[in-house]
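Next come the chains, spelled out residue by residue.
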Amino acid sequence: MTALRIGIIGYAGRMGQAIGHAVSTHPRATLAGGVVIETPPEPIHGEPMITNDAEKLFPRCDVMIDFSSPAATPDYARMAARHGVPFMSGTTGLSDKDKDALSEVARHIPLLYAANTSLSLVVMKQLTTLAARLLRDDDYDITILDRHHRLKKDAPSGTAKSLAEAVTAGNGGHKEPSLAAFRAGFIVGEHEVSFVGEGETITLTHTVTDRAIFARGALQAALWLHGREPGLYGMNDVLGID
Ligand code: NAD
């Protein structure tokens, strides 16, 4: 089987580098190149293209992965549609308007958006929905806490927001969760959902200690996305979960 050519937007970033490493060690993927905003190094023949002009990289890619900035993601998604290249984005901090822009693009190309590309986070969300459903009529307060490294730009995290949606999916909005975020040190990513009752608490915790987890999930999602019908997909689809 020929390896799929992967492009990475935000290549110079923490996630961009981790995904680059995941691609370099995957038998079904090869790195076509990366998009950076800094002046790129001189091109070397036969090496992946590192460029600040994404238009040049898209034609060389079978799938584009984006971990950059919410200010840039919608434009790159529209560029992907113009080039007919499937687009996987894990960039967080997108506004509702940005998400609408991705939905519009997804009418033309396969597009997968995931605020958290850890595969086990899918399980965490299912457990959250189940707990919210089972406790729906009881007197529980619900809290969602995220802890991340000090350089993370958005708070609460995109994952915390998606866990809040998982609560609503379970209890129909019967009770809204309270969200809180800490930014400290080098924490890769921790999320805690608590159902706090009178005299008892249920807490679900998901901890990522290595961003290679997000990188592997993002690559798996990108490989899954290639060859799909146009549409908006999520990690649930990658795992075949409703
Ligand atoms: P980072 O700041 O280390 O990297 C982002 C990179 O994108 C930087 O190199 C920056 O220069 C670059 N960039 C910004 N605007 C750009 C543009 N217009 N074109 C090209 N490159 C551009 O951040 P990070 O920790 O790598 O995270 C990147 C994004 O991914 C953030 O939104 C973060 O919250 C998100 N993230 C998602 C997951 C997930 O599982 N989905 C996991 C970790 C981080």
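A brief structural summary. (Residues numbered from 1 in each chain as written. Predicted model: local features only at pLDDT ≥ 70, side-chain atom pairs only at ≥ 80, totals over all residues. Heavy atoms only, no water.)

Brief notes about the site of the ligand
Thinking step 1. Among the 24 residues in the neighbourhood of the ligand, the closest are listed as Met15, Tyr76, Thr92, Thr117 and Lys152.
Thinking step 2. Take Ala114: an N or O atom from its main chain is 3.1 Å from a nitrogen atom of the ligand.
Thinking step 3. Contact distances for the ligand include 2.9 Å between an oxygen atom and a side-chain N or O atom of Lys152.
Thinking step 4. Out of a free accessible area of 850 Å², the ligand has 83% covered by protein chains.
Thinking step 5. Among the residues forming the shell around the ligand, the class breakdown is 10 nonpolar, 9 polar and 5 charged.
Thinking step 6. Summarising the domain contributions, the shell around the ligand has at least three residues from each of domain 1 (4–113 + 212–238) and domain 2 (119–208). (Near = heavy atom within 4 Å. Polar contact = N/O pair within 3.5 Å; in protein donor to acceptor, adjacent residues only side chain to side chain. Areas by Shrake-Rupley, 256 points an atom, 1.4 Å probe, with all protein chains shown as cover. Nonpolar A, V, L, I, M, F, W, Y, C, P; charged D, E, K, R; others polar. Domains from an automatic or database assignment.)

Quick notes on a nonpolar patch on the surface
Thinking step 1. Residues Val123, Leu127, Leu130 and Leu134 make up a contiguous nonpolar surface patch of roughly 350 Å² in combined accessible area.
Thinking step 2. In this structure, Val123 sits in helix 5 (residues 119–134).
Thinking step 3. For Val123, a relative accessible area of 44% puts it in the partly exposed group. (Patch = residues over 30% accessible without salt bridge, like charges linked within 9 Å, V, L, I, M, F, W, Y side chains within 5 Å. Salt bridge = Lys/Arg side-chain N within 4 Å of Asp/Glu carboxyl O. Helix = DSSP H or I, 4+ residues; strand = E, 2+ residues; numbered from the N terminus. Buried < 20%, exposed > 50% of the residue type's maximum accessible area, 1.4 Å probe, protein only.)

Structural notes on the packing of aromatic side chains
Thinking step 1. Considering all chains together, one arrives at 1 aromatic pair under this definition.
Thinking step 2. Relative to Tyr233, the ring of Trp224 lies with its centre 5.1 Å away and its plane at 80°, an arrangement referred to as edge-to-face.
Thinking step 3. Of the residues examined, Trp224 reaches a relative accessible area of 17% and is grouped as buried.
Thinking step 4. Looking at Arg150, its charged tip hangs above the ring of Phe186, at a distance of 5.1 Å from the centre.
Thinking step 5. The side chain of Arg228 reaches across the aromatic face of Trp224, ending 3.9 Å from its centre. (Phe/Tyr/Trp six-rings, centres within 6.5 Å; stacked < 30°, edge-to-face > 60°. Lys NZ or Arg CZ within 6 Å of the ring centre and 35° of its normal.)

Looking at the packing of helix 3 (residues 73–83) against helix 4 (residues 96–105)
Thinking step 1. Two elements in contact, helix 3 and helix 4, have axes separated by 9 Å at closest approach and are oriented at 5°. Relative to helix 4, the element helix 3 lies roughly parallel. Residues Thr73, Pro74, Ala77, Arg78 and Ala81 of helix 3 form the contact with helix 4, whose own contacting residues are Asp98, Ala101, Leu102 and Val105.
Thinking step 2. Residues that form the contact of helix 3 with helix 4 fall into these classes: 6 nonpolar, 1 polar and 2 charged. (Axes fitted to C-alpha atoms, helices over the stretch in contact; angles between N-to-C directions. Parallel < 35°, antiparallel > 145°, perpendicular 65-115°, else oblique. Contact = heavy atoms within 4.5 Å.)

Quick look at helix 6 (residues 158–171)
Thinking step 1. In this model, helix 6 (14 residues) spans 20 Å end to end at C-alpha, consistent with the 20 Å of a helix rising 1.5 Å per residue.
Thinking step 2. Burial analysis of helix 6 places 10 of its 14 residues in the buried class, the great majority of the element.
Thinking step 3. Gly158, Thr159, Ala160, Ser162, Leu163, Ala164, Ala166, Val167, Gly170 and Asn171 are the residues of helix 6 that are buried.
Thinking step 4. Looking at the packing, one finds that the buried side of helix 6 touches helix 5, strand 7 (141–148), strand 8 (178–183) and strand 9 (189–196).
Thinking step 5. Positive phi shows up at Gly172, right after helix 6, with a value of about 65°. (Expected span 1.5 Å × (residues − 1).)

Everything listed here is a matter of geometry and, on its own, says nothing about what the molecule does.
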